[in-house]
Structure formats: C-alpha cells, structure tokens
Amino acid sequence: MKRWLSWLVAGLIWCTQGGAAEAPPQGSLVIIGGALRADNAVVWQRIVQLSGGTGARIAVLPTAAGNPERSGRNIASYLNRFGADAFVVPLAPSLKQRDYRIDAEDAQLAQSIHEAGGVYFAGGDQTKITRALLRPDGSRTAVLQAIWDLYQRGGVIAGTSAGAAIMSSTMYDETRSVMDTLSSGVNDGKELAPGLGFIGKDVFVDQHLLARGRFARMLPAMLKKGYKLGLGIDENTALVVQGQRNVEVIGYQGALLLDLQQATVDAATPQFNLSNARISYYDRGDRFELPSGRYTPSADKIDGKVDPLHPANRQPVYSSDILGHNAVLIMMERLIDNVQTQAIGIATAAPGEPHPELGFEFKFTRVAESEGYESATSEAYTVLKLRLDVRPLQISQPWYR
C-alpha cells in the first residue's frame, strides 16, 4: 500500500511538471559532479548494478566530448572493468566523417539504446548533447526518445560534468566565472539554455560544486527560472536519484541542497541579493528526500547529532574567499558546531574581471531548524538548513596595499 501511494504521489508531481502525457519514470539517475576517477569503484559499481548487474548493456554517449573516440572507449572500458557489457554510441558533433543529425535519428542506434539497461553521458560541452539530441523545434530525436523509454521502464541514466548539467530542464550554457555571473546576471539564450529535464522541472542541477565555488552561481539561475530547489554535486561524487524524490550520496565527498522556498529578493537593490534561503550539505552515505528534506544519516553519523548546547568550537568563522576550493563547506562545518551563530564569507572580483568595484557578502546563520551530524570515523559533517543571506558590497580600489 505504501509503495502504491508513493508512486501515486510521484505521478501527481510529474503531471504538475508538465509531463502529464507520460507516467513517472521507474528508473534511476546517477548524477556525477565531474572528474570521476577510474578507481571510484562505488560509483562505477552502482551504475552497473542499477543497469542490471553483471553483463548489463550500457550505452556510452561521448556526445559532449572534444575527443569522442577516446572518451567513449575509456568510459566503456571502466564500466566493463566493473562487470558491464558497455558499448559506444557514435553520436557526437565532434566525430569526423559523421553527421550527428543523421545519427540522432538512426533507427539501429535508437534500438541498441532501447534494449540496454543504462546510458552514460560523458563530460565535455553540454550544449553538444542538447544540440545533438533535440530537434530544432525542441522535440526529441529517435535516440533521445529511446533514452527516455529506457528511463521510463526502469533503466539508469548516468552522466558526469556536462552529462550532469543536462539532467535538469535548465542548464548553464555560455559559462563565465562565478563572480562575473553574480555581478552581471544571467539570461536565457546566453548563459542559460534548456536541458533534457530527466530529474523533472522543479530541481536545478549543477556540477563541480565545491571544487569551483559554483554554489553561488546556482542562485541567480534558480531565481531567474523560478526553481525552489537546487542540487550541486562535487567532483568525484554522485547523487543517485530514484523515483525523482529519493537521493543517496555516493563517492568521494558530497553535495549541496539549496532551498529558496522561503527566500526573498529586494527588488529596490539593482545588484544581486537574496534573503532567507536555506543551504544544506549532505555527505557521502547520506540519504534524503525531495522536496521534504527528510534525512537519513550515513552509518558513521547515526549517533553523531551535534548538540547545540555543547558546541565544540568557539572561534569566529570567516572567509575572505567564499568562492574558493571547498571554502563554503569548511565554513558550514565550522559553524554548525560552534558557539558562534553566524559566519561571513566575502566574494570579490579577480584582476581583470568586470565590475571590480562590486563584491558580495554571504552570511550563514544557524537557526532553530539547523542541524549537524558528525562522523565517528572521520572529520566530516552533514550540515542541514543553515540560513543564507547575500548582499552586495562596494569594494574600494585598490582594496589592499
């Protein structure tokens, strides 16, 4: 009875997202934040397992890659090393002596995907994927329809980097630096473009998150397109999404969930700003549900809930480069187990970037609903529902001597 009700709810969600002509997908997504290492057995094995286990046929699409032959060959060999029977689909704008528009409508290629248990999208340039798989009118090519059919009946769609960006209905296209994106804004048809929407229309997805400080660039895109939830996955890490709502973190590190359901913007301030958002970090092994946020800690954190009445740290938490490598995660971890209730991170333009006079303050606040869970085996935390406020700053030039 519970399973029937869960699928009924998922169906209603799918219909409200504009997918009323199709049943909710029975399959899974493995969304990889980029830079997946060949020795990350947990992620490769999960893709094979979800595709059917040993001997599973997995179609590798090197569509985004600059060197599709090399990329496709290597990915297939990695999957085969973990028990798959992977094959490369020769569909890519960069493939010489082939026309990707013809290949995208090829009945035999589509049939090979339709008969597979999984699909894997390589990294590279995500616009090559949408250019190859969407017709000029936005409808699905034969190959894309075969991928959707596989997903509908229970197969897995995996993708890394560019292959992760296409998972949401909107993706970044002409990317600029995170700071330039904050200061200059985003526009449809330029910075933003349609994705393939496998995760549904209510969740925005971005990748290389902690390594490149991209959590900040998710915010203007989400506001522009009306997203209330955003998932940002770090490198060498994956989110396994099942039934579109149940998420598990696997791999090297973790992922951020941005929640704008209560957030507001001051329209009188022309620069980017945001108040009362929520930001959470889910570590590897954690599970959570969308959009409820119901959380199940990893095995090493089950008894590790942080006691806010007996915090371990007392030092102020501050970063002069909140967009730096892992800076946002370090700040969140230090704040959740601290007598301090607020942390400040500053973002400023690099030399040569536009708007050097403009900076941003990211203020993180521990509120009543905030929770933390500490690992018993490593110096790792899960951090739930910190408040996030962003305001513009005027930067003097030069701001240091």
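Now for a description of the structure that goes with this document. Everything quoted here is computed from the prediction, not taken from an experiment. (Residues numbered from 1 in each chain as written. Predicted model: local features only at pLDDT ≥ 70, side-chain atom pairs only at ≥ 80, totals over all residues. Heavy atoms only, no water.)

## Some points on the overall build of the protein
Turning to step 1, where the next piece is worked out: Of the regular secondary structure elements, the protein holds 12 helices and 20 strands.
Turning to step 2, where the next piece is worked out: Seen through its C-alpha atoms, the protein measures out along the principal axes to roughly 60 × 50 × 40 Å.
Turning to step 3, where the next piece is worked out: Relative to its 401 residues, the protein shows a buried fraction of 56%.
Turning to step 4, where the next piece is worked out: Of the contacts formed within the protein by residues at least 6 apart in sequence, a portion of 73% connects residues at least 24 apart.
Turning to step 5, where the next piece is worked out: If you average the places of the 40 positive and of the 41 negative side-chain charges in the protein, the two averages end up 1 Å apart. (Helix = DSSP H or I, 4+ residues; strand = E, 2+ residues; numbered from the N terminus. Buried < 20%, exposed > 50% of the residue type's maximum accessible area, 1.4 Å probe, protein only. Contact = heavy atoms within 4.5 Å. Lys, Arg positive; Asp, Glu negative; His and termini not counted. Charge placed at Lys NZ, Arg CZ, Asp CG, Glu CD.)

## Some details on the pattern of salt bridges
Turning to step 1, where the next piece is worked out: Here the structure, examined in full by the defined rule, presents 19 salt bridges.
Turning to step 2, where the next piece is worked out: Linking Arg135 and Glu105 is a salt bridge whose minimum nitrogen-to-oxygen distance equals 2.8 Å. Note that Arg135 is positioned in the loop between helix 6 (126-133) and helix 7 (142-153) and Glu105 in the loop between helix 4 (100-103) and helix 5 (107-114), a separation of 30 residues in sequence.
Turning to step 3, where the next piece is worked out: For Arg135, a relative accessible area of 32% puts it in the partly exposed group.
Turning to step 4, where the next piece is worked out: As a salt-bridge pair, Glu248 and Arg287 come within 3.5 Å of each other at their nearest N and O atoms. Of the two residues, Glu248 sits in strand 11 (residues 246-251) while Arg287 sits in strand 14 (residues 287-289), which places them 39 residues apart along the sequence.
Turning to step 5, where the next piece is worked out: For Glu248, a relative accessible area of 12% gives the class buried.
Turning to step 6, where the next piece is worked out: What emerges from the salt-bridge pattern is a single network uniting Arg46, Glu248 and Arg287. (Salt bridge = Lys/Arg side-chain N within 4 Å of Asp/Glu carboxyl O.)

## A few points about the sheet that holds strand 1 (residues 28-32)
Turning to step 1, where the next piece is worked out: One open sheet holds the nine strands; their spatial order is 3-2-4-5-1-10-11-14-15, and the pairing between them is mixed. Edge positions in the sheet fall to strand 3 (85-88) and strand 15 (295-296), since each has one partner strand and no second.
Turning to step 2, where the next piece is worked out: In terms of strand pairing, strand 4 (residues 118-121) meets strand 5 (residues 156-160) through four bridges, oriented parallel. Bridge pairing in strand 5 links Gly118 to Val156.
Turning to step 3, where the next piece is worked out: In this fold helix 7 packs onto strand 1, strand 2 (57-61), strand 4 and strand 5, with an angle of close to 125 degrees to the strand it touches most, strand 4. (Pairing = 2+ DSSP bridges. Axes fitted to C-alpha atoms, helices over the stretch in contact; angles between N-to-C directions.)

## Some thoughts on the environment of Leu79
Turning to step 1, where the next piece is worked out: As for its placement among the helices and strands, Leu79 is situated in helix 3 (residues 68-81).
Turning to step 2, where the next piece is worked out: Overall, Leu79 belongs to the buried group, its relative accessible area being 0%.
Turning to step 3, where the next piece is worked out: With 92 residues separating them in the primary sequence, Leu79 and Met171 have C-alpha atoms 26 Å apart.
Turning to step 4, where the next piece is worked out: With near-sequence residues (within four places) excluded, Leu79 lies in contact with Trp44, Ile47, Val48, Ile58, Val60, Ala84, Ala86 and Tyr120.

## Brief notes about the packing of helix 5 against helix 7
Turning to step 1, where the next piece is worked out: Two numbers describe how helix 5 lies on helix 7: the axes approach to 8 Å, and their chain directions differ by 15 degrees. With respect to their mutual orientation, helix 5 and helix 7 come out roughly parallel. Helix 7 is crossed by helix 5, and the crossing has right-handed handedness. Between helix 5, through Leu109, Ala110, Ile113 and His114, and helix 7, the contact on the second element is made entirely by Ala142, Val143, Ala146, Ile147, Asp149, Leu150 and Arg153.
Turning to step 2, where the next piece is worked out: When grouped by side-chain class, the residues that make up the contact of helix 5 with helix 7 number eight nonpolar, one polar and two charged. (Parallel < 35°, antiparallel > 145°, perpendicular 65-115°, else oblique. Left-handed = near helix turned anticlockwise from the far one by under 90°. Nonpolar A, V, L, I, M, F, W, Y, C, P; charged D, E, K, R; others polar.)

## Notes on helix 12 (residues 327-336)
Turning to step 1, where the next piece is worked out: Counted residue by residue, helix 12 has eight buried out of 10 residues, so it is predominantly covered.
Turning to step 2, where the next piece is worked out: Of the residues making up helix 12, those classed as buried are Ala327, Val328, Leu329, Met331, Met332, Glu333, Leu335 and Ile336.

## Observations regarding the nonpolar core
Turning to step 1, where the next piece is worked out: Of all hydrophobic cores here, the largest spans 54 residues; its most connected members are Leu29, Ile31, Ile113, Phe121, Leu133, Ile147 and Phe198.
Turning to step 2, where the next piece is worked out: Apart from the residues lying within four places of it in its own chain, the contact partners of Ile147 are Leu61, Ile113, Val119, Phe121, Leu133, Ile157 and Phe198.
Turning to step 3, where the next piece is worked out: Judged by nonpolar contacts, the second largest core, of 46 residues, contains Val186, Ala216, Phe272 and Val317. (Core = buried A, V, L, I, M, F, W, Y, C linked by side-chain atoms within 4.5 Å.)

## Re unusual backbone geometry
Turning to step 1, where the next piece is worked out: Backbone torsion omega between Leu290 and Pro291 reads -5 degrees, so that peptide bond is classified as cis.
Turning to step 2, where the next piece is worked out: The topology assignment puts Pro291 in the loop between strand 14 and strand 15.
Turning to step 3, where the next piece is worked out: Cis geometry is found at the peptide bond from Gln397 to Pro398, where omega equals -10 degrees.
Turning to step 4, where the next piece is worked out: For Pro398, the location among the structural elements is in the segment after strand 20 (381-394).
Turning to step 5, where the next piece is worked out: Positive phi, close to 55 degrees, is recorded for Ser161, a residue that is not glycine.

## As for the pairing of strand 5
Moving residue by residue along a regular strand, the side chains alternate between the two faces of the sheet.
Turning to step 1, where the next piece is worked out: Within strand 5, five of the five residues are buried, which leaves the element mostly enclosed by the surrounding structure.
Turning to step 2, where the next piece is worked out: Bridge count for strand 1 against strand 5 is five bridges, and the pairing is parallel. Looking at strand 5, one finds that Ile32 is bridged to Thr160.

## Let's talk about the packing of aromatic side chains
The geometry of two aromatic rings is summed up by the distance between their centres and the angle between their planes.
Turning to step 1, where the next piece is worked out: Within the structure shown, the criterion is met by 13 aromatic pairs.
Turning to step 2, where the next piece is worked out: For the ring pair Tyr151 and Phe198, a centre distance of 6.1 Å and an interplane angle of 85 degrees mean the geometry is edge-to-face. Of this pair, Tyr151 sits in helix 7 while Phe198 sits in the loop between strand 7 (192-194) and strand 8 (203-207), and the two are 47 residues apart along the sequence. Accessibility assignment for this pair places Tyr151 and Phe198 in one class, buried.
Turning to step 3, where the next piece is worked out: An angle of 65 degrees between the planes, with centres 6.3 Å apart, marks the rings of Phe272 and Phe360 as edge-to-face. You can see Phe272 sitting in the loop between strand 12 (254-259) and strand 13 (274-283) and its partner Phe360 sitting in strand 18 (residues 358-365), a full 88 residues away along the chain.
Turning to step 4, where the next piece is worked out: Phe272 sits in the buried class, given a relative accessible area of 12%. (Phe/Tyr/Trp six-rings, centres within 6.5 Å; stacked < 30°, edge-to-face > 60°.)

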